[in-house]
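# Survey of secondary and tertiary structure
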Amino acid sequence: VMMPGISGLAVVSEIRKTLTSQQLPVIMVTAKSLTDDVVEALQYGADDYITKPVDFEVAHARIVVQISRKRAADTMEQRVRERTAALSEATTAITREVEQKRQSTLRAEFLSRHDSLTKLMNRAAFLEAATAASDAHADGGPPYDILFLDLDRFQIINDTFGHAVGDLALKGLAER
């Protein structure tokens, strides 16, 4: 505690500005043995206090305790880091799963109303849209048109060139 130029209490105070007790335990060793001296050192950030003359068995025991506390804190910090990493990974996985489910739901909803090959409305969606247009027109809304295309002899394309070519023809027609 009593050093030339700077006191041990000032040194502890400077240490505590950058390092915690878990990072660097400090044991004060001094001839000052009054209760107020011990309390003051602990208030400045000392972790323990040993008075002179030093009882080396007691000093050793206190050092072992401080080292054990440091190791326990390091172990705890490592466990927190590991748990944080695991939670982060779990959060990422859950987020990915939720997004996949959302995409699957959107795809299922789309496919429930559209043809999977041409992406055009299927019969149920078409009837719903046509009914809505008819109802709107009946209520004074704008007129509407429906275009019906029939592919004469389409079966010949499938039979002659195969279903893959037939599918390409249907896709091309749908795009146009």
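Further up the page is the structure itself.
Residues numbered from 1 in each chain as written. Predicted model: local features only at pLDDT ≥ 70, side-chain atom pairs only at ≥ 80, totals over all residues. Heavy atoms only, no water.

### Re a nonpolar patch on the surface
Taken together, the side chains of Met 121, Phe 126, Leu 127, Tyr 144 and Ile 146 make up a nonpolar region of the molecular surface, amounting to roughly 480 Å² of accessible area. When you line up the elements, Phe 126 lands in helix α4 (residues 123–138). (Patch = residues over 30% accessible without salt bridge, like charges linked within 9 Å, V, L, I, M, F, W, Y side chains within 5 Å. Areas by Shrake-Rupley, 256 points an atom, 1.4 Å probe, with all protein chains shown as cover. Salt bridge = Lys/Arg side-chain N within 4 Å of Asp/Glu carboxyl O. Helix = DSSP H or I, 4+ residues; strand = E, 2+ residues; numbered from the N terminus.)

### Digging into unusual backbone geometry
The bulk of non-glycine residues show a negative phi, and the bulk of peptide bonds are trans. The omega torsion across Lys 52 and Pro 53 is 0°, close enough to zero to call that bond cis. The phi torsion at Lys 119 lies on the positive side, around 65°, for a residue other than glycine. Along the polypeptide, Lys 119 turns up in the loop between α3 (56–113) and α4. Look at Arg 153: it is not a glycine, yet its phi comes out positive at around 55°. If you trace the backbone, Arg 153 turns up in the loop between α4 and α5 (154–161). By relative accessible area, which is 64% here, Arg 153 ends up exposed. (Buried < 20%, exposed > 50% of the residue type's maximum accessible area, 1.4 Å probe, protein only.)

### Regarding the pairing of strand β1 (residues 27–30)
Going residue by residue along β1, you find Met 28 and Thr 30 tucked away on one face and Ile 27 and Val 29 left uncovered on the opposite face. One ladder, built from four bridges, connects β1 with strand β2 (residues 48–51); its direction is parallel. Looking at β2, one finds that Ile 27 is bridged to Asp 48. For the crossover that starts at β1, traverses helix α2 (residues 35–44) and ends in the parallel β2, the hand is right-handed. (Pairing = 2+ DSSP bridges. Right-handed = clockwise from strand over helix to strand, strands pointing away.)

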